[in-house]
Amino acid sequence: ENLKRSMKDNGPQAVFANTTKFLLELSGKATAHRDRYGAWHPFWYTSGDARKRVQQFVTKLAGALEERKNEVLSAKKFDTVAKEVAADLRIPDTHAKNYVKLSKRFVTSPFSEVGLAEWAEVNPRTARDWAYVVLKRAERPLHFSEIAALVGKHRHHKYTNLQTVHNELIKDDRFVLVGRGLYGLREAGLIPGTAREIIAHVLKQEGPLRAGEVVSKVREQRVLKEGTILINLQNKKHFACMSDGRYCVREA
C-alpha cells in the first residue's frame, strides 16, 4: 500500500500487486518469504541479513509487549513500545512499522487496540473470550443478555447464542455472579460466593462492623437488597452481635 501510494498508482490494488510481484521476480534481486507455518504474511527481502533483521525485531517486540502487557492494553502503548524496540535495534520507524505488518503475531482488536495475537483482550476467539473483552471494556457488571448482545454486535463473523454465552459465564472462573443474571470480572476485585459468604469475607477483612456498614461493603461485591443482607447477618450460627452493636464472624 505504501509503495502504491508513493508511486501515485490509482489503479486496482490486485493489478498493482501482480505487476509488482512480476517485476520483483524478474529483477532477481529479491526473494519471496513463504511461511508454511502461517506465522508470517508473505513478503520479499533482498538479503538473508535483512530477513534476520525483521525476525529479530519481531521477536524482541513480542517479548517487550509480554513484559508490559497491562501497560500496553490500559494505556494503548503498542506504538511506544515498538518505537523503543526499534530505537534499541537502530531500525528506522518507517521500517519498524512495515516489520510489524509482516508478522501475524500482532493483531488489532475490534476496538482498535493492538497487541499480541495470543491475548484474548485483542484477539478473542471463543464466546468466553468475547464475554471477557466486553465486560473488561464495560468496567461494571452486566446482565448476561446484555453481554451476549454486545458480543453479537462486535463479533460479525459468527452467530452469538445467548445460552452459549451464559454457559461460558457460569463455567469460567474469570467471571463472578453478582446478582440475578449479572456478571462481573474476578480481576476487578469481585469474589464468588453466597450472600452469607460475602458477609463473612467482609467482616474478616474489615473487622467488626455495624449493620449499615456491612450492607455498604457487601453491596460493593453484590447486587443485593438491604433486607437480604440483614437477614443473613442475623444468622446466629455464623455471625455474632457484639455489646457495642457491631457484628463479627462467630468463631467455630
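None of the values given here were measured: they were computed from a predicted structure. (Residues numbered from 1 in each chain as written. Predicted model: local features only at pLDDT ≥ 70, side-chain atom pairs only at ≥ 80, totals over all residues. Heavy atoms only, no water.)

Thoughts on the confidence of the model for the protein chain
Residues at a pLDDT of 70 or more form 82% of the protein chain, whose mean pLDDT is 86. Within the protein chain, no element has a lower average pLDDT than helix α1 (residues 2-6), which sits at 52, and none a higher one than strand β5 (residues 142-143), at 96. (pLDDT = per-residue confidence, 0-100. Helix = DSSP H or I, 4+ residues; strand = E, 2+ residues; numbered from the N terminus.)

Quick word on helix α10 (residues 195-206)
Taking 1.5 Å per residue as the helical rise, α10 with its twelve residues ought to reach 16 Å, and the 16 Å between its terminal C-alpha atoms agrees with that figure. Of the positions making up α10, those classed as buried are A195, I198, I199, A200, V202 and L203. Phi turns positive one or two residues past the end of α10, at G207, with a value near 90 degrees. (Expected span 1.5 Å × (residues − 1). Buried < 20%, exposed > 50% of the residue type's maximum accessible area, 1.4 Å probe, protein only.)

Looking at the layout of surface pockets
Here the second largest pocket defines a volume of roughly 260 Å³. What lines the second largest pocket is K69, N70, L73, S74, E113, E121, V133, K136, R137 and E139. Considering every element that reaches the lining of the second largest pocket, the biggest residue donor is helix α4 (residues 69-74), with four residues. For the lining of the second largest pocket, the per-class residue count stands at two nonpolar, two polar and six charged. (1 Å grid on protein atoms, 1.4 Å probe; cavity = no way out; pocket = protein on both sides within 12 Å on 5 of 7 lines; lining within 4 Å. Points joined across faces, edges and corners; volume = space filled by probe spheres on them. Nonpolar A, V, L, I, M, F, W, Y, C, P; charged D, E, K, R; others polar.)

Structural notes on the packing of helix α11 (residues 211-219) against helix α12 (residues 226-233)
The axes of two packed helices give the description: the angle between them and the distance between them. Two numbers describe how α11 lies on α12: the axes approach to 10 Å, and their chain directions differ by 120 degrees. Judged by the inter-axis angle, α11 sits oblique to α12. The element α11 and its partner α12 pack so that their crossing is right-handed. Between α11 and α12, the residues in contact are A211, V214, V215, V218 and R219 and E226, I229, L230 and L233, respectively. (Axes fitted to C-alpha atoms, helices over the stretch in contact; angles between N-to-C directions. Parallel < 35°, antiparallel > 145°, perpendicular 65-115°, else oblique. Left-handed = near helix turned anticlockwise from the far one by under 90°. Contact = heavy atoms within 4.5 Å.)

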